[in-house]
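# Fold and geometry: a report
Below are the chains, spelled out letter by letter.
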Amino acid sequence: MMRKIALTALLAASATFAGLRAEIDPPWKDVHIGSFDGKGWCGLVLAPQKDAAFAFRFKIEKDGRLADGDDLFYMVSEVGPQAPDGLYARVKFDLGLPILPADKKSETPILIKPSAKADTVTFEWSRQDERTVIGRLQAPKNVKVHLVPYFPWDFKGRYKALPDGHIQGESRAAKAPTALLWTHRPGAAATAEGEELDLVFSQDGDRSVYFVAGLGEDAEAVRKHIYRYKNIKAIDAFLTEESDRYQKKRVTIEGLYQGVPEALTNNLFAMVLYQPGSHRLYTPAGRRWIFARPDGTPDHWQIFGWDSFFNGLELALESPALAAGAVKAALDTQYPNGNIPNWRSRFGGTPDRSQPPIGAFAVLKIFQKTGSRDLLAGAYPGLRKWHAFWKARKPNGQARRDGNGDGLLEWGSDRELVADKVPAWEVGASGEARAKWESGQDDLPNWDDVPYSAETGTLTMNCLDLNCLYALDAWCLSQIAELLKRPDEAEAYLDEYEKMKELINTLLWNPREGFYFDRHWDGRFSIHKAASNFYPLLARIPDERRAQLMLRRLRDPKEFWGEYVLPSISRDDPAFNDPRNPDRQYWRGTIWPPTNYLVYQGLKAYGFDAVASEFAKKSQALFMKAWTNFQICPENFHPLTGEAAGQRFQSWGPLFALTAVEEYLDFTPWEGFRFGMIDPERKGRLVRAAVQGRSYDVAVSRGEIALSEDGREIFTIDGGAVIRHFLYLENEISFEMSAKTSAATTIRIQFLKKGKYQLLVDNKIHQISKGSSIKFKVPGGEHTISIELLEESN
């Protein structure tokens, strides 16, 4: 049952949304301190300015073996809290795991965590102010701890062991501050000065290394500044205090989906790194997703296109600043022709190809949640250029990704733009391979046996996923343009969306199969059904009849449904059961976070709330099983066993978890402010969700859905329900409601001004006063709705 309800005060209208607040810049805007070196998870970076950065990391020596960098990455046994402002962070490592050669590290066993027999190293730290960080490392007695001050990436300088036990760091950059590092007990150093030092601490007696690091104009200034922190009891107290403080202010869930927000944020904030050359933070595809340069030497940073926009959505749960940073970093990879590339690094990139265009969708969602017009205005020009890239005219007059000129798009690669020097794995790659890489679904069976046209630089098949995402991009850009008061541009994008929608419905819908398919240029429909074939829902392409037919396909266990969803290719596809690929890797059956997330959003866009809830439950269960048991954040999952697969720590992994959080509350381009669940299986409460500067709680149960703002309950409805397009102004409240059918529903609303109100339900007007209620039957049925306007409680 869907009903549109509006309450309007018979007073002067207010144009200010109750939740809108100015975004506050973080206190660490200019100086970056954190675990921001990809290979230095057990260490910290202090970057005071663009041309200067200091760092130190811990290495662990056990039984003559030394664990450093990637060794410790594979030994992670707990990714603890990671406050986005750096006030508290914790990570643990299991020294019981083997240290394997570089080409064998991925074979490091994944054990149930925590291991009862584990020799655990715990690294904790807390940023105390804009230039000081404290922390401690605790290790078992049978190891040696190495503390290594070094200069990360290509920063230069020298460290010196001072007579008073401090380590002083001096950068070669002009006007750079001095760094000072103190430890509560001295370490033995082979050399007293150099670009990198190695201090060794025996753990025979004291099993901890406490430290304080700070920045200042000179060594004496830093020494005075950090003096008050140089006490192990003080450090213990500060770490406990900051840990408790973060727990009390972070987003959490009680009951249904308990622990899911923490799993999401712990992982995402632990993947945030420093971007040398830009002096800012960014979020890569993972801490190890930084390729080597073509000459084999380490690159400094790497940004993947659609990964970064997904990262922005995840980061926005607790940190609008980091979310905006992820978006800006992605947009800044853009080439002059508008291409936001498949990937770009400091010394390389893919000027020949892009990635799925989800940027405007992600930016609009983040804006709706944060209210940051700076983000919207800053992103819009780059998003416009990226949108134009796909149909820009090449010198021969062809639209770049419309090789046959029918108005629909294909994945491709501009061979004339392929970089002169590429990483080893791209050397000799064909245009066909590059076009498939552009899709983000590299070896999806949909692309099997699809010829690549060197003449057009595209696959010879209209690609359903690309066309739906391009149409969605146009619609979202129309909404952004309208918000930025650019009516002509808004109208043009909306017109393009409608034209793309018509083309997709006319040319890519197979009436015989009752489903959307890719289509070869010769008119044949593809035989393959992928998870991305459900993207028409995300872009609101089908009418209700077609959407219901798609839902039937989704729910068919012979094709897509099951205990573990959503396989990247249908279960009845020959590729899914290929005996040569029993693990269903890579995009040939595995379950991927980005496709699950986008399909979930499509289900919600059509109000398929019950199925969406079940889908979110299955998605988060996959993720949380891997997280709870093994403390990993997987790249993908096996569609038959639900086992984790791919990379161990992938930044888009928590998209599975995000669907569960968004079951409680979300902002979407199609639904606006949405909250509630249609049929929650048990009680639950989302706590401290930030929306445009205010804190919201959502409580769900089969008996009631309740929304609280800044600790005050403002809206309740009997029974399970989903509320969409919720608008709560000073003088007006409006929403759309989907609820389970029952004899009666009571809605209670609080915090409106005194006076009389006009109530509009399904275009029928009623009068109501605050402190009173009104009951009426829903047209066409026996269902009764009661609206109560409550007096504000003190």
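Our subject is the structure listed above.
### Thoughts on the overall build of the protein chain
Looking only at helices and strands, the protein chain has 16 helices and 43 strands in total. In terms of overall dimensions, the protein chain is globule-like: its C-alpha atoms have a radius of gyration of 28 Å, near the 28 Å expected for 794 residues. Projected onto its principal axes, the C-alpha positions of the protein chain cover 85 × 70 × 50 Å. The buried share of the protein chain, reckoned over its 794 residues, is 62%.

### Description of the packing of aromatic side chains
A full pass over the atoms with the stated rule returns 49 aromatic pairs. Ring centres 6.4 Å apart and planes at 80° place the aromatic pair Phe310 and Trp652 in the edge-to-face group. Here the residue Phe310 occupies a position in helix α5 (residues 305-315), and Trp652 occupies one in the loop between β30 (644-645) and α16 (655-664), the gap between them amounting to 342 residues. Owing to a relative accessible area of 0%, Phe310 belongs among the buried residues under this scheme. What links up through ring pairs into an aromatic cluster is the set Phe667, Phe673, Phe675, Tyr696, Phe715, Phe726, Tyr728 and Phe735. Of note, Arg57 hangs over the ring of Tyr150, and the distance from its end group to the ring centre comes to 4.7 Å. Above the face of the Phe347 ring, Arg293 is positioned so that its terminal group lies 3.8 Å from the ring centre.

### With respect to the nonpolar core
Buried together is how nonpolar side chains tend to be arranged in soluble globular proteins. The biggest cluster of nonpolar side chains holds 213 residues, and the ones touching the most others in it are Phe58, Phe123, Phe309, Phe675, Leu707, Phe715 and Phe726. With 13 residues, helix α10 (residues 464-483) is the single largest residue contributor to this core. What Phe715 contacts, discounting residues up to four positions off in sequence, is Phe675, Ile705, Ala706, Leu707, Ile723, Phe726, Ile733, Phe735, Ile747, Arg748 and Ile749. Within the second largest apolar cluster, 13 residues are counted, among which are Tyr88, Leu180, Trp182 and Ile226.

### As for the sheet that holds strand β8 (residues 120-129)
A sheet is described by the order of its strands in space; here 9 strands give the open sequence β6-β7-β8-β9-β17-β13-β12-β11-β15, paired in antiparallel fashion. Only two strands of the sheet have a single partner each, and these edge strands are β6 (76-82) and β15 (193-194). Bridge analysis of β8 against strand β9 (residues 132-138) gives 7 bridges, and the strand direction is antiparallel. If you follow Phe123 over to β9, its bridge partner there is Leu137.

### Digging into unusual backbone geometry
Residue Leu566 is bonded to the preceding Val565 through a cis peptide linkage, with omega at 10°. Here Leu566 lies in the loop between α13 (544-554) and α14 (593-605). One non-glycine residue, Asp63, lies in positive phi territory at about 50°. With respect to the secondary-structure elements, Asp63 resides in the loop between β4 (52-62) and β5 (65-67). Even without being a glycine, His279 presents a positive backbone phi close to 50°. Secondary-structure assignment places His279 in the loop between β19 (273-275) and β20 (280-282).

### Structural notes on the pairing of strand β7 (residues 89-94)
The buried count for β7 comes to 5 of 6 residues, which makes it a mostly enclosed element. Relative to β7, β6 runs antiparallel, the two sharing 4 bridges. Counterpart to Val79 in the pairing with β7 is Val91. Here β6 hands over to β7 after 6 residues, with Gly86 in that stretch at a positive phi of 80°.

### Quick word on the pattern of salt bridges
Scanning the model with the defined rule gives 58 salt bridges in all. The partner of Asp154 in a salt bridge is Arg346, with the nearest N and O atoms 3.7 Å apart. Placement of Asp154 in the loop between β10 (144-150) and β11 (157-161) and of Arg346 in the loop between β22 (343-345) and α7 (359-370) is noted, with a sequence separation of 192 residues between them. The class for Asp154 is partly exposed, based on a relative accessible area of 38%. Measuring nitrogen to oxygen at the nearest pair gives 3.3 Å for the salt bridge that ties Lys529 to Asp572. Linking Lys529 in the loop between β28 (519-520) and α12 (535-538) with Asp572 in the loop between α13 and α14, this pair joins segments that are 43 residues apart in sequence.

### So, the environment of Ala321
Of note, Ala321 is situated in helix α6 (residues 320-331). As for Ala321 and Ala47, which are separated by 274 residues in sequence, their C-alpha atoms are 18 Å apart.

### As for the pairing of strand β16 (residues 199-202)
Here β16 shows a buried face lined by Leu199 and Phe201 and an unburied face lined by Val200 and Ser202. Bridging between β10 and β16 involves 4 bridges; their strand directions are antiparallel. Bridge pairing links His146 to Val200 in β16.

### Describing helix α9 (residues 431-438)
Along α9, the residues classified as buried are Arg434, Ala435, Lys436, Trp437 and Glu438. For α9, the elements touching its buried residues are β23 (452-453) and β24 (458-459). Residue Gly440 follows α9 closely and has a positive phi angle near 80°.

### Observations concerning the packing of α5 against α14
Each pair of packed helices can be summarised by the angle the axes make with each other and by the distance between the axes. It is the contact of α5 with α14, at a shortest axis distance of 12 Å, that shows an interaxial angle of 60°. Classified by the interaxial angle, the pair formed by α5 and α14 is oblique. For the pair α5 and α14, the crossing hand works out as left-handed. Taken together, the residues of α14 that come into contact with α5 (itself represented by Trp306, Phe310 and Leu313) are Pro594, Tyr597 and Leu598.

Calculation rules
- As a convention, each chain's residues are numbered from 1 in the sequence order in which they are written.
- Local features in this predicted model are restricted to residues of pLDDT 70 or higher, and side-chain atom pairs are both shown and tallied only at a pLDDT of 80 or more, whereas totals for entire chains, interfaces and linings draw on every residue.
- Computation of side-chain values: all heavy atoms of the structure, hydrogens and water removed.
- Starting at the N terminus, helices and strands are each numbered in turn, a helix being any DSSP run of H or I of at least four residues and a strand any DSSP run of E of at least two.
- We take the radius of gyration over the C-alpha atoms and set the globule estimate at 2.2 Å times the residue count to the 0.38 power.
- Only protein chains enter the accessibility calculation, which uses a 1.4 Å probe; a residue whose area is less than 20% of its type maximum is buried, one above 50% is exposed, and one in between is partly exposed.
- Classification of ring pairs rests on two measures: the distance between centres of Phe, Tyr or Trp rings, Trp counted by its six-membered ring, which must be within 6.5 Å, and the angle between planes, read as stacked under 30 degrees, edge-to-face over 60 and tilted in between.
- Any Lys NZ or Arg CZ found within 6 Å of a ring centre and within 35 degrees of that ring's normal is scored as a charge over the ring.
- Only buried residues count toward a nonpolar core, which is a set of Ala, Val, Leu, Ile, Met, Phe, Trp, Tyr and Cys residues joined through side-chain atoms within 4.5 Å.
- Any two residues having at least one pair of non-hydrogen atoms within 4.5 Å are treated as being in contact.
- Only when DSSP finds a minimum of two bridges between them are two strands counted as paired.
- For salt bridges, the criterion is a side-chain nitrogen of Lys or Arg within 4 Å of an Asp or Glu carboxyl oxygen.
- In this description, a line fitted to the C-alpha atoms serves as the axis of each element, helices being fitted only across the stretch in contact, and the angle between N-to-C directions of two axes falls anywhere from 0 to 180 degrees.
- Under this scheme an angle from 65 to 115 degrees is roughly perpendicular, one under 35 degrees roughly parallel, and one over 145 degrees roughly antiparallel; angles in between are oblique.
- When the near helix sits turned anticlockwise from the far one by under a right angle, the crossing is termed left-handed; a clockwise turn instead gives a right-handed crossing.

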